[in-house]
Amino acid sequence: MPGEAVTLQLGHYSGCVGAHWWGLQAAALRSAPEPAELRAAALLRFGRGPGGPETPTPRLVALELKGGVGSLRPDGAGTEPPVSWDGAVADYRDRPGGGCAPRDTGSCRGDAAGDGKGNPGAAGPGAAPSVRLWSDFLNVHLHPKSLYVIRQYLHDGDCGCLEAFGQGESLLQDPACVEEVEDRLHFYVEECDSLQGFQVLCDLHNGFSGVGAKVTELLHDEYSRKGILTWGLTPVLSAVGDPQNSFYRLMNTALGIAHLSRHSSLFCPLSLSGSLGLKPQPPVTFPYIKYDASLNYHSSAILAAALDTLTAPYRLSSSQGSMLHFADSLTFSGRKVVAAWAALPFPALPGSSLPDILSAHQQGLPWKLLSSCREQKLSCCFAQSVVLRGICQEKSSSSCPGQPPSPLASCESPEQLLQQFLHTQFPGAFSTSLVLQQPCDTRPPFPQFFSPLLTRRGFLLDKAQGFSSAGVESVPVLAALQSCPVLHGLLSGLCRQLQEPRVRRWSSFGTAGLEQDDFQEALEELRTLSQCYHTGLAADGAEDEEESD
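Residues numbered from 1 in each chain as written. Predicted model: local features only at pLDDT ≥ 70, side-chain atom pairs only at ≥ 80, totals over all residues. Heavy atoms only, no water.

Regarding the environment of W341
Stated precisely, the cut-off is as follows: Helix numbers and strand numbers start at the N terminus; a helix is a DSSP run of H or I with at least 4 residues, a strand a run of E with at least 2. Between two residues, a contact is recorded if the distance between any of their heavy atoms is within 4.5 Å. N or O atoms closer than or at 3.5 Å make up a polar contact, with two conditions inside protein: a donor-capable atom paired with an acceptor-capable one, and, for residues adjacent in sequence, both atoms drawn from side chains.
Mapped onto the elements of the fold, W341 is located in strand β9 (residues 339–343). Each C-alpha atom of the pair W341 and V386 lies 9.2 Å from the other, and the pair is 45 residues apart in sequence. Setting aside residues no more than four positions away along its own chain, W341 makes contact with L310, W367, K368, L369, L370, E375, L478, A479, A480, Q482 and C484. A polar atom in the side chain of W341 sits 3.1 Å from the side chain of Q482.

Focus on the sheet that holds strand β6 (residues 195–203)
How we decide: The rule for pairing is simple: two strands pair if DSSP sees at least two bridges between them. Axis definition: a line fitted to C-alpha atoms, over the contacting stretch in the case of helices. Angles run 0 to 180 degrees between N-to-C directions.
On the basis of which strands lie adjacent, the open sheet formed by six strands has the order β5-β4-β1-β6-β7-β8 and parallel pairing. Strands at the two margins of the open sheet, each flanked by one partner only, are β5 (147–154) and β8 (266–271). Averaged over all adjacent pairs, the angle separating strand axes in this sheet is 15 degrees, with direction ignored. Note that strand β1 (residues 4–10) and strand β4 (residues 60–66) share four bridges and pair parallel. What sits directly across from L8, in β4, is V61. Strands in contact with helix α1 (residues 12–31) are β1, β4, β6 and β7 (227–234); relative to β6, the strand with the most contacts, it is inclined by about 130 degrees. The sheet contacts of helix α5 (residues 243–263) involve β6, β7 and β8, and relative to β8 the element is tilted by about 145 degrees.

Digging into the pattern of salt bridges
A side chain with one charge may pair with a side chain of the opposite charge, provided their charged atoms come close. Just so we agree on the cut-off: Just to be clear on terms, a salt bridge is a Lys or Arg side-chain nitrogen sitting within 4 Å of an Asp or Glu carboxyl oxygen. Type-normalised accessible area, obtained with a 1.4 Å probe on protein chains alone, sets the label of each residue: buried when under 20%, exposed when over 50%, and partly exposed for intermediate values.
This model, assessed by the stated rule, comprises 13 salt bridges. The partner of R45 in a salt bridge is E191, and the shortest N-O contact between them spans 2.6 Å. Residue R45 is found in strand β2 (residues 44–48), and its partner E191 is found in the loop between α3 (175–190) and β6; the two are separated by 146 residues along the sequence. Among the residues examined, R45 registers a relative accessible area of 14% and is labelled buried. Overall, E191 belongs to the partly exposed group, its relative accessible area being 32%. The salt bridge involving D441 is made with R443; its shortest N-O contact spans 2.5 Å. Classification of R443 as partly exposed rests on a relative accessible area of 35%. Connected through shared salt-bridge partners, D308, R315 and R389 make up one network.

Concerning the sheet that holds strand β11 (residues 383–389)
Across the sheet, five strands lie side by side as β10-β9-β15-β11-β12; this open sheet has mixed pairing. A single partner strand is all that each edge strand has here, and the edge strands are β10 (368–369) and β12 (430–436). Contacts from helix α6 (residues 296–310) reach β9, β11 and β15 (477–483), with the element oriented near 75 degrees to β15. The strands that helix α9 (residues 414–425) touches are β11 and β12; relative to β12, the one it contacts most, it runs at about 140 degrees.

Considerations on the packing of helix α4 (residues 208–222) against α5
As a reminder, the rule being used: With respect to orientation, any angle under 35 degrees is reported as roughly parallel, any angle over 145 as roughly antiparallel, any angle of 65 to 115 as roughly perpendicular, and every other angle as oblique. The classification used treats Ala, Val, Leu, Ile, Met, Phe, Trp, Tyr, Cys and Pro as nonpolar, Asp, Glu, Lys and Arg as charged, and all other residues, Gly among them, as polar.
One way to put it is that α4 packs onto α5 with a least axis distance of 9 Å and a crossing angle of 5 degrees. Our classification of the angle between α4 and α5 gives roughly parallel. From α4, S209, G212, A213, T216, E217 and H220 reach across to α5, where they touch N252, G256, H259, L260 and H263. For the contact of α4 with α5, the residue count by class is two nonpolar, eight polar and one charged.

Notes on the packing of aromatic side chains
Counted only if it meets this: For this analysis, a ring pair means two rings from Phe, Tyr or Trp (six-membered ring only for Trp) whose centres lie within 6.5 Å, classed as stacked if their planes differ by under 30 degrees, edge-to-face if by over 60, and tilted for the remaining angles. Put simply, a charge is over a ring when the Lys NZ or the Arg CZ is close to the ring centre, within 6 Å, and near the line of the ring normal, within 35 degrees.
Evaluated as defined, the whole model comprises eleven aromatic pairs. Ring geometry for W21 and W22: centres 5.7 Å apart, planes at 20 degrees, overall stacked. When sorted by exposure, W21 lands in the same class as W22, which is buried. Every member of this aromatic cluster is reached through a ring pair, and the members are W341, W367 and F426. Across from the ring centre of F382, 3.8 Å away, lies the NZ or CZ of R335, which sits over that ring.

Considering α4
An α-helical turn contains 3.6 residues, so any two residues separated by three or four positions project in the same direction. How we decide: The span you would expect from a helix comes to 1.5 Å times its residue count less one.
Helix length check: α4, at 15 residues, gives a terminal C-alpha distance of 21 Å against a target of 21 Å (1.5 Å per residue), a fit within 8%. Burial analysis of α4 places eleven of its 15 residues in the buried class, which makes it a mostly covered element. Turning to α4, its buried residues are F208, S209, G210, V211, G212, A213, K214, V215, T216, L218 and L219.

Quick look at the environment of P447
Relative to the elements of secondary structure, P447 occurs in the loop between β13 (440–441) and β14 (474–475). Sequence-wise, P447 and G471 are 24 residues apart; in three dimensions their C-alpha atoms are separated by 9.8 Å.

A short note on the pairing of β6
Our working rule: Seen with the strands pointing away from the viewer, any crossover whose path from the first strand over the helix to the second strand runs clockwise is right-handed.
The element β6 is largely enclosed, with a buried count of nine among its nine residues. Sheet topology places β1 next to β6; seven bridges connect them, and they run parallel. Bridged to L8 within β6 is V200. The pairing of β6 with β7 spans seven bridges and is parallel. Residue Q199 lies in a different strand from β7, and its bridge partner there is L229. Once the chain exits β6 it traverses α4 before rejoining the sheet at β7, and the crossover so formed is right-handed.

Here's the deal with the confidence of the model for the protein
Predicted coordinates in areas of low pLDDT are best not read in detail. Here is the rule we go by: A score between 0 and 100, pLDDT records how confident the predictor is in each residue.
Confidence in the prediction for the protein averages 82 pLDDT; 79% of positions are at 70 or higher. Scored below 50 in pLDDT, residues 396–403 shows eight contacts in the model against residues more than four places distant or in partner chains. Note that pLDDT drops below 50 for residues 541–549; the model gives that stretch 30 contacts with residues more than four away or on any other chain.

Let's talk about unusual backbone geometry
P345 follows L344 through a cis peptide bond whose omega is -5 degrees. Position of P345 among the secondary structure elements: in the loop between β9 and α8 (354–359). Going from P444 to P445, the amide bond is cis rather than trans, its omega being 15 degrees. Relative to the helices and strands, P445 is located in the loop between β13 and β14. Its identity as a non-glycine residue notwithstanding, S333 has a phi of 60 degrees, on the positive side. Topologically, S333 is positioned in the loop between α7 (323–328) and β9. For S333, a relative accessible area of 53% gives the class exposed. Even without being a glycine, S372 presents a positive backbone phi close to 55 degrees. Looking at the secondary structure, you find S372 in the loop between β10 and β11.

Quick look at the structure:
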């Protein structure tokens, strides 16, 4: 049985992803099969209020800025049971007869929509109430030790925001702030029976990248034998932005990756943005999802569903594996950074067997890259962890007359079948695989932005269902973490854009606590890290050309 993990959310976009992720945990508790495939206690703690029922709450430390939590109390939300979503739900599916469904127009700071100050645009007729903060769609209650509001900076506004890496680092050098964080960490750690490590969700694009650098350093120094898995999160970036703010974001991202990967067992950048560099690229698209890339509420839901699937291997009820072992299987030869992929939903017809479904994708898997790298034409990776969930695990139907049976049909177990498939797709790579029966729950507050070509269980239809459908309640998901050559282009591209002449243009970064020697050391660290992914293939340099301007 897996040990417990403590989760840290650092920043507002991380809070958005976290809010959806905790909603998925609550939904899994309500619909988990018997026996449960994933151990809920790996992420949740179960306490009992005075005279009340046993209540699950996240084992969570969340850092947020003043004004970033809305009506959520700074001391947490007590220990009442999780509540159902009672608000309105916007539906983003296409109408069969043309036109669009009603739209939710809420946005957060950093979105491409709204007025640029975190205020939503005007709502159209029939639109759902705006969703501006992650607390607006959080449907679980937090323990009083979970939330720490940093009052030195504002979540919204034209000034007083946490915009630079050095500002974030300075916050965690304040003894009072460090004491607050350590007190919350120790509370959760000390109640664990068998702590396996820490999950860190950290904003990369703002000053929280500096907060994350110091937090992971603290964890590394105090819990050196525990796993530290860090997810660097970035919302979809606007195509039009202030050049100075764009350069700040670039520096925060590069410095964040360097420092976070240094102190973590594994680091993964997660974003639906097409690029993390200065030159914006179109966001990731999905064939059966019509999401609004300008809404954090939407993009964070997709990342949360991927994250819930990617982290399943160290939450298995039947496994003794740990976060540290999980990271070690992916990060050998100095490759501390990994890329994430996901097919959401994984395309499959109702009732299809697993061998038949995988056989239909022999020419390539239908997943999308979620780490802001340019996809390569050739499938290539050094190591990978792949999870498939929500697919029928029955044996293949009999082969057509005159055709030899698929080699996949002879496999004894779903994991063996997926492993064999991965071996043919990625020869020479170290692959681990996991197949889960339970799909990803997508009932509200998860956005209903799915194609009308999906059933309630997320399988494909021959024709669109009526607009009056009750919505998609769950979807099958295929997700993977890969140590792969595309990361060479991402890391080296960030370095090249931060050459010295450009750095001098924005001297205020130096006044925000960033020393030039520290900056150059971080850049050199990124260059060295990028070389770990260099293979000499053309795919390595695909991102280099894209990132330059």
